Amino acid sequence: MSKKLSPKSLEPRRMSDAQKSEHIRTVVLKAGEDLRAHHPWLRHQDAIGAAIMICSLLGMVASGWAYIDGLIPWWVCVPAVTIFASFIHELEHDLIHQMYFRSKPWANSLMLLVGWLARASTVSPFVRRKLHLHHHKFSGTESDLEERGITNGTPWGLRRLLMTGDNMLAVALRPFEMRRATAKFIKAQKPANASEARRLALEQAMAYMPIGHIYYTSFHAWVVLHAVMFTAPLLGMDIPWPQWMPQLMAGLDIFGVVYALPCLLRTFCLHFISSNMHYYGDVEARNAMQQCQVLNPWWLVPMQLFCFNFGSTHAIHHFAVKEPFYIRQWNAGIAHQVMREMGVRFNDFGTFRRANRFSLKAA
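We now examine the overall build of the protein chain. For the protein chain, the helix and strand inventory stands at 17 helices and 0 strands. Its C-alpha radius of gyration of 22 Å places the protein chain within 12% of the 21 Å reference for a compact globule of 363 residues. For the C-alpha atoms alone, the extent of the protein chain along its principal axes is close to 80 × 45 × 45 Å. The buried share of the protein chain, reckoned over its 363 residues, is 50%.

Here it is, written out as structure tokens:
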């Protein structure tokens, strides 16, 4: 840990990145403790986490039910479900860091499993835990498989746009690149022998099993069937569909509105913001000052709505890891002030041109 600095020595130009990071961490954690002292109920972190999970699940179910009963149109259902799912994503992230039910691993694992069922487009949270903890140590380096998986470091274009909202396309459209990134991640785990390396490789290959693969099979089938049904008449084709096809399509349409489209919307918004607020390729491992920026321009507000203001608050987490997401949001003003003072970047839009490189010169 860096030596504590006196007020007179808090001149960013004279401080190392490690000292800047430690100062930001100290200020953010102090703000969190002050907030808990003023609002003692915030100390009941397990209960808060469980309540958010239950309320979010009920909100998702109620929104879907209202659509099925014809009470709300699809364009209300989709964003409503997405917003509730964004709370669950933040909960999963905090659960991975064991911010809830640390002394009750079974409860922590149960919440992770329920959260995965609510957002099946994601990698298994039990696999993601290892990926994410590695991400914090080596964010932006070649072995940071979590960020590479969501397109961080890939030049912008149609391919990256397609990959941003679909994790299966993110692999299918760059198989060799992802294979190399996986190999780097496995090597960074320092497996004791070939058998352990194979186990890690198998773990990554099965990261979406079984829930994710069921979701993507259903989602892609829904998209393909609709595309075929739309284009076939235009091409003068009369496809002899089986009698059960209308019932299947009706079920898939419900699945699409109440589950698949919210997953797609949430994934695209989160990955677009996350992959562009994190840096890649020319950063120092374990240097939080180079890992990410605060990305919160007004024109990203619609996307921030569907990923719990991720671009504005996630960088705080890289400095003060153990603060839950609602505390980060509550104290964002304090955190942003000290981060600006220490030189953390805000709204570095050049990252889109530089394929997320930290250097201010385009690659």
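Let's shift gears to a nonpolar patch on the surface. A cluster of nonpolar side chains, L158, L161, L162 and L173, forms an exposed patch at the surface whose accessible area comes to about 360 Å². You can see L162 is positioned in helix α7 (residues 158-164). With relative accessibility at 43%, the residue L162 sits in the partly exposed group.

Attention shifts here to the packing of aromatic side chains. All told, the structure shown has 16 aromatic pairs when counted by the stated rule. Where F272 meets F352, the ring centres are 5.8 Å apart and the plane angle is 35 degrees; that geometry is what we call tilted. One end of the pair, F272, is in helix α12 (residues 245-277); the other, F352, is in the segment after α17 (332-342), and 80 residues separate them in sequence. By the ring-pair criterion, three or more aromatic residues cluster together here, those being Y208, Y215, Y216, F219, W222, F255 and Y259. Lying across the ring of F346, R340 places its NZ or CZ 3.8 Å from the centre.

The next subject is the pattern of salt bridges. Going through the model one piece at a time under the given rule, you end up with 19 salt bridges. Across the pair D34 and K30 runs a salt bridge whose closest N-O atoms are separated by 2.9 Å. You can see D34 and its partner K30 sitting in helix α1 (residues 17-38), 4 residues apart, about one turn around the helix. Here D34 falls in the partly exposed class, since its relative accessible area comes to 40%. Sharing partners across several salt bridges, the network here consists of E33, R36, R43 and E323.

Bringing helix α3 (residues 74-96) into the picture now. With 23 residues, α3 should cover 33 Å at 1.5 Å per step; its first-to-last C-alpha distance of 32 Å lies within 8% of that length. Where α3 ends, the next residue or the one after it, Q98, has phi of about 55 degrees, a positive value.

It is the contact of helix α2 (residues 45-68) with α3, at a shortest axis distance of 9 Å, that shows an interaxial angle of 165 degrees. The angle between α2 and α3 places the two elements in the roughly antiparallel class. For the crossing formed where α2 meets α3, the hand is left-handed. Taking contact as the criterion, the partners of G49, I52, M53, C55, S56, L57, G59, M60, S63, G64 and Y67 in α2 are, on α3, W74, C77, A80, V81, F84, A85, F87, I88 and L91. Classifying every residue of the contact of α2 with α3 by side-chain character gives 15 nonpolar, 5 polar and no charged.

The next point concerns the state of the cysteines. Taken as a whole and assessed by the stated rule, the structure comprises 0 disulfides. Counting only cysteine sulfurs, C77 is the nearest neighbor of C263, a cysteine outside any disulfide, at a range of 12 Å. Under the relative-accessibility criterion, C263 is labelled buried at 4%. Free of any disulfide, C307 has its nearest neighbouring cysteine sulfur in C269, separated by 6.2 Å. Take C307: its relative accessible area is 4%, and that puts it in the buried class.

Evaluation of the coordinates by the stated rule reveals 1 cavity of 30 Å³ or more. In this structure, the largest cavity spans a volume of roughly 50 Å³. M60, V81, A85, A118, R119, V258, Y259, P262, C263 and R266 are the residues that line the largest cavity. Per-element accounting of the lining of the largest cavity gives the leading share, 5 residues, to α12. Broken down by class, the residue content of the lining of the largest cavity amounts to 8 nonpolar, no polar and 2 charged.

Criteria and cut-off values
One numbering rule holds for all chains: residues counted from 1, following each sequence as written. Confidence filtering applies because this is a predicted model: local features only for residues at pLDDT of at least 70, side-chain atom pairs given and counted only at 80 or more, and all residues used for totals across whole chains, interfaces and linings. To get the side-chain values, all heavy atoms of the structure are used, and hydrogens and water are removed first. In this description a helix means any DSSP run of H or I spanning at least four residues, a strand means any run of E spanning at least two, and both kinds are numbered starting from the N terminus. Atoms considered for the radius of gyration are the C-alpha atoms alone. The globule rule reads 2.2 Å times the number of residues to the power 0.38. Think of it in three bands: residues with accessible area under 20% of the maximum for their type are buried, residues over 50% are exposed, and the middle band is partly exposed, with areas taken using a 1.4 Å probe on protein chains only. Nonpolar side chains (Val, Leu, Ile, Met, Phe, Trp, Tyr) are joined into patches within 5 Å and like charges within 9 Å, using only residues with over 30% relative accessible area and no salt bridge. Here the Shrake-Rupley method, with its probe set to 1.4 Å, supplies the accessible areas, and only the displayed protein chains count as covering residues. For this analysis, a salt bridge means a side-chain nitrogen from Lys or Arg found within 4 Å of a carboxyl oxygen belonging to Asp or Glu. Two rings belonging to Phe, Tyr or Trp (six-membered ring only in the last case) form a pair when the distance between their centres is within 6.5 Å. Interplanar angles under 30 degrees mark stacking, angles over 60 mark edge-to-face geometry, and anything in between is tilted. Two conditions define a charge sitting above a ring: the NZ of Lys or the CZ of Arg must be within 6 Å of the ring centre, and it must be within 35 degrees of the ring normal. Take the number of residues in a helix, subtract one, and multiply by 1.5 Å to get its expected span. Axis lines are fitted through C-alpha atoms, for helices just across the contact stretch, and the angle between N-to-C directions can take any value from 0 to 180 degrees. Here the word oblique covers every angle except those under 35 degrees (roughly parallel), over 145 (roughly antiparallel) and from 65 to 115 (roughly perpendicular). If you view the pair so one helix is near and one far, a crossing is left-handed when the near helix is turned anticlockwise from the far one by less than a right angle, and right-handed when it is turned clockwise. Contact between two residues is taken to exist if any of their heavy atoms lie within 4.5 Å; hydrogens are not considered. Here the term charged refers only to Asp, Glu, Lys and Arg, the term nonpolar to Ala, Val, Leu, Ile, Met, Phe, Trp, Tyr, Cys and Pro, and the term polar to all other amino acids, Gly among them. Cysteine sulfur pairs qualify as disulfides if the two atoms are within 2.5 Å. Think of a 1 Å grid over just the protein atoms. A cavity is a set of points where a 1.4 Å probe fits yet cannot get out, a pocket is an open set with protein on both sides within 12 Å along at least five of seven lines, and lining residues have an atom within 4 Å of a point. Grid points are joined across faces, edges and corners, and a volume is the space filled by probe spheres set on the points.

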